[in-house]
Amino acid sequence: MKKYILSAVAMMAIMPMTAQETYENAKIVDNDLNGTARYVGMGGAMEALGADLSTISTNPAGLGLFRHSTLNASASVMFQSGAPSYANGSKSHASFDQLGFVYSMRTGQNSYLNLAVNYHKSKDFNFILGAANTLNNASQNKQTFQKLRNGIFTSTNDLTYSQLDALYMKTSLYDEKEDVMTYLPATEYQMNREHEGYVADFDFSINGNIHDRVFLGITFGIKDVKYKHNGLYSELLANDGIVDVKDDREITGTGFDMKAGIIVRPFEESPFRIGAYVHTPTWYDLTTRNTTTMTEGGRIHESYDFKIYSPWKFGFSLGHTVGKNLAFGATYEYTDYSTIDTRINDGSRYSWYYDEYYERTRKDVEMNNNTKASLKGVSTIKVGAEYKPLPELALRIGYNYVSPKYKSDAAKDPAAWSPGNYYTSATDFTNWKGTNRITCGIGYQKKNFNVDLAYQFSTQKGDFTPFTEYVESTPNDEGVIDHSQDNVAGFTSVKNNRHQLLLTVGYHF
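Just so you know, these numbers come straight off a predicted model, no measurement behind them. (Residues numbered from 1 in each chain as written. Predicted model: local features only at pLDDT ≥ 70, side-chain atom pairs only at ≥ 80, totals over all residues. Heavy atoms only, no water.)

Asker: Looking at this structure, how should I read the packing of helix α4 (residues 140-149) against helix α5 (residues 163-170)?
Answerer: Contact pair α4 / α5: the axes reach a minimum separation of 9 Å and the direction vectors enclose 95 degrees. Here α4 is positioned roughly perpendicular relative to α5, judged by the angle of their axes. Counting all contacts with α4, which are made through Q140, N141, T144, K147 and L148, the residues of α5 involved are L164, D165, Y168 and M169. Among the residues making up the contact of α4 with α5, the classes are represented as four nonpolar, three polar and two charged. (Axes fitted to C-alpha atoms, helices over the stretch in contact; angles between N-to-C directions. Helix = DSSP H or I, 4+ residues; strand = E, 2+ residues; numbered from the N terminus. Parallel < 35°, antiparallel > 145°, perpendicular 65-115°, else oblique. Contact = heavy atoms within 4.5 Å. Nonpolar A, V, L, I, M, F, W, Y, C, P; charged D, E, K, R; others polar.)

Below you can see the structure in the form of structure tokens.
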């Protein structure tokens, strides 16, 4: 038995570099509402109205409405309300959110060709998670016991055998006196975790308009990913013992994508316009590093490379202005998160034709099946308005809704034969519900300068559980189902309420 346990720990260090799992991937490919203060203040509903640098990352045709060269810079303060106090986690932080430039060139009486470059923070990971609840004959180590009991893993190089399985089998599950594997039930748990980091987008765009009726744009984007979390999961065992699992993980890497869009003004005498756009998948090339430490159980440290291909995104938008005082915008976006493609790096291959080595990847089939079972299509609805009571003063309001990406029965699959399970360092997950964002803003323009201020309140609820439930379904020899073998923690409600105060300073010439 001890030989089995020690070899398990050793195997963790020699497993080839591979892939990640559904819930971590879903965090990376998600987006916040962020950009210039004008864009945020109108709920992001500017994909048909255009003439804002933030549309470079949504509908780049919006940049075709610029008739002057423009420079913008934005920064904000973020605050998480209702968050628990944990370790060094901060409920507030300052953020540099956007810096961009549009160079506009007239090519005809009513036609322009524009070049643009823009940086913006598309995802802010800073978040503190706290959850606690009671347990009844259930525990994290019992999940490992059930995997062993039900033959989920049969050897130490089985891809269902996780870092936590290795640590628990080295400590809690082995009864030296009886020389058997067992489990230790717990009476309560507590999870505290702090997330930090960002996804930064660097976008380059070519765009313009044709006779002030058709606006076209294409954007080439590079993403910089830096994500980190530090967590401490604790269980109070029925024998009054305490098990602490410290989980430190970071994910870094880059991604590349393209976006194309069009805006059409169908009626020559009307400012009403219709927009449509499409985003390719983002092809992420990432590295994850983690350290898992267990009370009296040792430590495992891992680092490996993996790839994610995010879903396609499609958008449709409407915009209209009334004179020079009033503007309305509405946008609908759709993304099918169940199509996230997790890929396994399969080593280098040599191309005789090109006389060079290239990296080959393949689909992580079982993890992708879990993604299809857990995630779904997401709709984003944006509406916004701007009113100018004075030529130099603008008042803005907006609403932004993102439907849930998790299905009601979504769960991690600890039995999936996947490198994402082999290298996992946590069993918990949260099924987040829809996101509601309410925004408002004010802008002031004096000659060539403008200053804009926006406020955003974002609220989201979720269901947290420390591990995937297991319910016994196989009758014993007497035909009775032994439900004492169940391992069910239930769900605990958590929330993510965030406030953002965003400032943009701009100059056009």
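Let's pick the thread back up.
Asker: Before we go on, may I ask you to explain the nonpolar core in this structure?
Answerer: Across soluble globular proteins, nonpolar side chains show a tendency to be buried alongside one another. Counting 56 residues, the largest nonpolar core has I28, L135 and L286 as its most contacted members. In this view, I28 contacts F125, V199, V225, Y227, I251, Y284 and L286; residues no more than four positions away in its chain are not counted. (Core = buried A, V, L, I, M, F, W, Y, C linked by side-chain atoms within 4.5 Å. Buried < 20%, exposed > 50% of the residue type's maximum accessible area, 1.4 Å probe, protein only.)

Asker: Please explain the pattern of salt bridges as it appears in this structure.
Answerer: Any two side chains of opposite charge can pair, on the condition that their charged atoms come close. Overall, the coordinates contain 27 salt bridges when judged by the stated rule. When the shortest N-O distance is used, the salt bridge between E386 and R396 registers 2.7 Å. Separated by ten residues along the polypeptide, E386 in strand β17 (residues 377-390) and R396 in strand β18 (residues 393-402) bring together distant segments of the chain. Of the two residues, E386 and R396, both sit in the buried class. Taken together, the salt bridges that share partners define one network made up of D30, D32, K123, K405 and R498. (Salt bridge = Lys/Arg side-chain N within 4 Å of Asp/Glu carboxyl O.)

Asker: Got a minute to help me understand helix α6 (residues 365-374) in this structure?
Answerer: Because the α-helix completes a turn every 3.6 residues, residues three or four places apart line up on one side. Along α6, the residues that are buried comprise M367, N368, N370, T371 and S374. Down the axis of α6, the sector holding all buried residues measures 155 degrees, keeping them to one side. (Arc of directions from axis to C-beta.)

Asker: So what exactly am I meant to see when it comes to a nonpolar patch on the surface here?
Answerer: Nonpolar side chains collect at one region of the surface, where Y103, L113, L115, V117, F202, F204, I206, I218, F220, I222, F256 and W283 lie side by side and expose about 990 Å² of accessible area between them. For the nonpolar patch, the elements supplying multiple residues, two or more each, are β3 (111-124), β7 (186-210) and β8 (214-237). Checked against the element boundaries, Y103 lands in strand β2 (residues 92-108). (Patch = residues over 30% accessible without salt bridge, like charges linked within 9 Å, V, L, I, M, F, W, Y side chains within 5 Å. Areas by Shrake-Rupley, 256 points an atom, 1.4 Å probe, with all protein chains shown as cover.)

Asker: Please clarify how the pairing of strand β10 (residues 273-279) should be interpreted in this entry.
Answerer: The two faces of β10 differ: R273, G275, Y277 and H279 on one face are buried, but I274, A276 and V278 on the other face are not. As judged from the six bridges shared by strand β9 (residues 242-264) and β10, these two strands associate in the antiparallel manner. Paired with K259 across the two strands is H279, which belongs to β10. Sheet analysis places β10 next to strand β13 (residues 313-322), joined by seven bridges and oriented antiparallel. Paired with V278 across the two strands is F314, which belongs to β13. (Pairing = 2+ DSSP bridges.)

Asker: Help me understand the side chain of T371, please; the structure alone is not making it clear to me.
Answerer: With respect to the element layout, T371 can be found in helix α6. Here T371 is in contact with T22, Y337, S338 and I340, once residues within four sequence places are set aside.

Asker: I keep staring at the environment of N497 and nothing clicks. Help me out?
Answerer: Within the fold, N497 resides in strand β21 (residues 492-508). Residue classification places N497 among the buried positions, given a relative accessible area of 12%. Along the primary structure N497 and V365 are separated by 132 residues, whereas in three dimensions their C-alpha atoms are 35 Å apart. Dropping the residues within four chain positions of it, N497 is found in contact with F79, Q80, S81, F457, S458, T459 and Q460.

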